[in-house]
Amino acid sequence: MTRAISSEMAAMLGAKMPFFAFLTGSEWARRAGEPGICDFVTGEPQEMPVEGYAEALARWSAPQNPHWFGYKTSEPAACAVVADSLGERLGGDFRPEQIFMTNGAIAGLTVALKAVTDPGDEVVFLSPPWFAYESMIQGRGAVPVRVKLQAPRFDLDVAAIERAITERTRAIIVNSPNNPSGRIYSSAALTELSSVLEDASASNGRPIYVISDEAYSKVLFDGRSFFSPATHYARTLLVYTYGKTLLTPGQRMGYIALAPGMPDAEQVGAAIFMSQIATGWAFPNALLQHAIADLDKLSIDLAALQRKRDLLVDALTGFGYELTIPEGTFYLLVRSPLPDDMAFVDLLVARDIFVLPGSTTELPGYFRISLTASMQMVERSLEGFQAAAREAEQVAEAGAGAAF
Ligand SMILES: Cc1ncc(COP(=O)(O)O)c(C=O)c1O
């Protein structure tokens, strides 16, 4: 019998998503929302929304003309706000007509892949990755090519990327600040990447694009700077979402910005627009676009987020955990005291602490803590983290003893 579903969706379903399996089938799936647990699994909001957010939506929900809630693509006023904001933040001449408003980064990434890759093209992504890249690439009918980054820093490994490039390579997805490592890629590394991609594009006779996932580009710690591939490599599609900076992932707004000076920008822009239509009208709704000038100025309390990071980093290090101190993002990546991260996660669950096992994001032997948990959860969890580390030590000692 022929398959009952499309080959694209069959490919996506075939790309096992252990992350989804965890979200739907784990003990956390059964207990999420229970009062008293310490929930560090996802980047979902667990405290009240940013002040000014609801007020901005209320203000802009009063219609100012008959078209207020009409069909919207990329509203010129919204694109102008984004171009100004990017120019101010990153430097460079971002043009309003080269901004494409999307309903979040998920749509932005999907649209970007559809606009510049063909089925059969190779798309490089870096591991440990955000969970959806591989299936998004497969969903496009393209071929995912994984490049593993080295613990504990998980820096951009340009030499490894260069080795992974073939004549079929069409794009590379770069995510900085990185989920899950929290690493911000340096300007020097991006310059090196740019030169490798320029050379490879020239020898392939066909451009390689960077699809730059900048979901966390405003979630930075310690006063650090963020460097965008878009100001280093002109064939960059910069993808952003307001869902992280405002911690409102259920409100879908983001954009794709073409890098200043992108060659063939008009053609690429037209392909993005068509791809947005073909992807099911991948534009943010009218109200979000009307409110963007107000929303763009808002942010979650980064100092409060950093306080949670600092408390956890200090406490966990004191308990003997090894970890990568994040430079940005919502996440703290910790080495599991037991080689089997799933087994260690169970020791935490027994203490009502829920974290994301590294096995779900191609990083067995680690676990990820989301700092969007409340400060109360952070404080309440410390005793449990300490006790679980002690128990893991005993388990490891007993295991070592049994081996002799
Ligand atoms: C690295 C990364 N990219 C993209 C997204 C998707 O963002 P959004 O849901 O706002 O589109 C996420 C969400 O967790 C993410 O962590």
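Residues numbered from 1 in each chain as written. Predicted model: local features only at pLDDT ≥ 70, side-chain atom pairs only at ≥ 80, totals over all residues. Heavy atoms only, no water.

1. A few points about the environment of Val313
Here comes step 1: Within the secondary structure, Val313 sits in helix 14 (residues 302-318).
Here comes step 2: C-alpha of Val313 to C-alpha of Val334: the two residues are 21 residues apart in sequence and 9.4 Å apart in space.
Here comes step 3: When near neighbours in sequence (up to four residues on either side) are disregarded, Val313 contacts Leu323, Ile325 and Leu332. (Helix = DSSP H or I, 4+ residues; strand = E, 2+ residues; numbered from the N terminus. Contact = heavy atoms within 4.5 Å.)

2. Let's talk about the sheet that holds strand 6 (residues 209-213)
Here comes step 1: Taken in spatial order, the seven strands make up an open sheet running 2-8-7-6-5-3-4, and their pairing is mixed. Of all strands in the sheet, those with a lone pairing partner are strand 2 (99-102) and strand 4 (143-148), marking the two edges. Each strand of the sheet is rotated relative to its neighbour by a mean of 20 degrees, with strand direction disregarded.
Here comes step 2: In the sheet, strand 7 (residues 236-241) pairs with strand 8 (residues 254-258) via five bridges, with the strands oriented antiparallel. The residue bridging Val239 from the neighbouring strand is Ile256, located in strand 8. (Pairing = 2+ DSSP bridges. Axes fitted to C-alpha atoms, helices over the stretch in contact; angles between N-to-C directions.)

3. Considering helix 5 (residues 76-90)
Here comes step 1: The end-to-end C-alpha distance of helix 5, which contains 15 residues, comes to 21 Å, matching closely the 21 Å that a straight helix rising 1.5 Å per residue would cover.
Here comes step 2: Buried within helix 5 we find Ala78, Cys79, Val82, Ala83, Ser85, Leu86 and Leu90.
Here comes step 3: Tucked inside the fold, the buried residues of helix 5 contact strand 2, strand 7, helix 10 (242-245), strand 8, helix 12 (286-290) and helix 13 (292-295).
Here comes step 4: Of the residues one or two after helix 5, Gly91 is the one with positive phi, at around 80 degrees. (Expected span 1.5 Å × (residues − 1). Buried < 20%, exposed > 50% of the residue type's maximum accessible area, 1.4 Å probe, protein only.)

4. Details of the sheet that holds strand 9 (residues 323-324)
Here comes step 1: Here four strands make up an open sheet; going across it, the order is 9-10-13-12 and the pairing antiparallel. The outermost strands of the open sheet, each flanked by one partner alone, are strand 9 and strand 12 (356-357).
Here comes step 2: In terms of strand pairing, strand 10 (residues 331-335) meets strand 13 (residues 366-370) through five bridges, oriented antiparallel. Each bridged residue has a counterpart across the sheet, and for Leu333 the counterpart in strand 13 is Arg368.
Here comes step 3: Strands in contact with helix 15 (residues 341-349) are strand 12 and strand 13; relative to strand 13, the strand with the most contacts, it is inclined by about 45 degrees.

5. Notes on the side chain of Thr329
Here comes step 1: Counting through the fold element by element, Thr329 comes out in the loop between strand 9 and strand 10.
Here comes step 2: On the accessibility criterion, Thr329 (0% relative accessible area) is buried.
Here comes step 3: In this structure the side chain of Thr329 is engaged in a polar contact, spanning 3.1 Å, whose partner is the backbone nitrogen of Tyr331.
Here comes step 4: Excluding residues within four positions of it along the chain, Thr329 makes contact with Pro177, Asn178, Asn179, Gly182, Tyr216, Val219, Phe221 and Leu305. (Polar contact = N/O pair within 3.5 Å; in protein donor to acceptor, adjacent residues only side chain to side chain.)

Keep in mind that these numbers describe shape and distance, not what the molecule does.
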